[in-house]
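# Structural description and commentary
Below are the chains, spelled out letter by letter.
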Amino acid sequence: VQLVESGGGLVQPGGSLRLSCAASGFTFSRYVMSWYRQAPGKERELVAVITSAGGSTNYAESVKGRFTISRDNAKNTVYLQMNSLKPEDTAVYYCNARISMRTYWGQGTQVTVSS
């Protein structure tokens, strides 16, 4: 199983970024996918979840209405569209998959929101 995140960077408050997570080594379309984030000095937290077919999503209260999780099962990729970014969104963002009672993580991508 391999999860590779991309799309992070430095953005001003109010700006947007789109994160991608390319998955391989498993049947992507069968599994729920999630995005987590970890800010300096804080615990890793769940940001968004999407079901295997993409029909249902769920979000942390802090990002509702600003972030959108989606997936393309033909491309084995899950996305996180982040709009109206705030300084408190600064964190390393991780892609997550739970497969056969095991949890897999990507290497993370840094998102920094600062003027």
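Residues numbered from 1 in each chain as written. Predicted model: local features only at pLDDT ≥ 70, side-chain atom pairs only at ≥ 80, totals over all residues. Heavy atoms only, no water.

## Re the packing of aromatic side chains
Enumeration over the complete set of coordinates arrives at four aromatic pairs. Each ring, one from F26 and one from Y31, has its centre 5.9 Å from the other, and the planes form 65°; the classification is edge-to-face. Between the aromatic rings of Y94 and W105, the centroid separation amounts to 6.2 Å while the plane-to-plane angle is 85°, which identifies the pairing as edge-to-face. With Y94 in strand β9 (residues 91–99) and W105 in strand β10 (residues 102–105), this pair connects stretches of sequence that are 11 residues apart. On the basis of relative accessibility, which here comes to 13%, the residue Y94 falls in the buried class. Members of the aromatic cluster, connected to one another through ring pairs, are F26, F28 and Y31. The aromatic ring of W105 is capped on one face by R44, whose charged end is 4.4 Å from the ring centroid. Of note, R71 hangs over the ring of F28, and the distance from its end group to the ring centre comes to 4.3 Å. (Phe/Tyr/Trp six-rings, centres within 6.5 Å; stacked < 30°, edge-to-face > 60°. Helix = DSSP H or I, 4+ residues; strand = E, 2+ residues; numbered from the N terminus. Buried < 20%, exposed > 50% of the residue type's maximum accessible area, 1.4 Å probe, protein only. Lys NZ or Arg CZ within 6 Å of the ring centre and 35° of its normal.)

## Considering unusual backbone geometry
Despite not being glycine, S84 has its phi angle at roughly 50°, a positive value. Owing to a relative accessible area of 42%, S84 belongs among the partly exposed residues under this scheme. The backbone phi angle of S100 is positive, close to 50°, even though this residue is not glycine. Residue classification places S100 among the exposed residues on the basis of a relative accessible area of 61%.

## Describing the environment of V78
Topologically, V78 is positioned in strand β8 (residues 77–82). We classify V78 as buried; its relative accessible area is 0%. Between the alpha carbons of V78 and N96 there is a distance of 10.0 Å; along the sequence they are 18 residues apart. If we ignore the near neighbours within four places in the chain, the residues touching V78 are L19, S20, C21, F28, M33, W35, I50, I69, S70, R71 and C95. (Contact = heavy atoms within 4.5 Å.)

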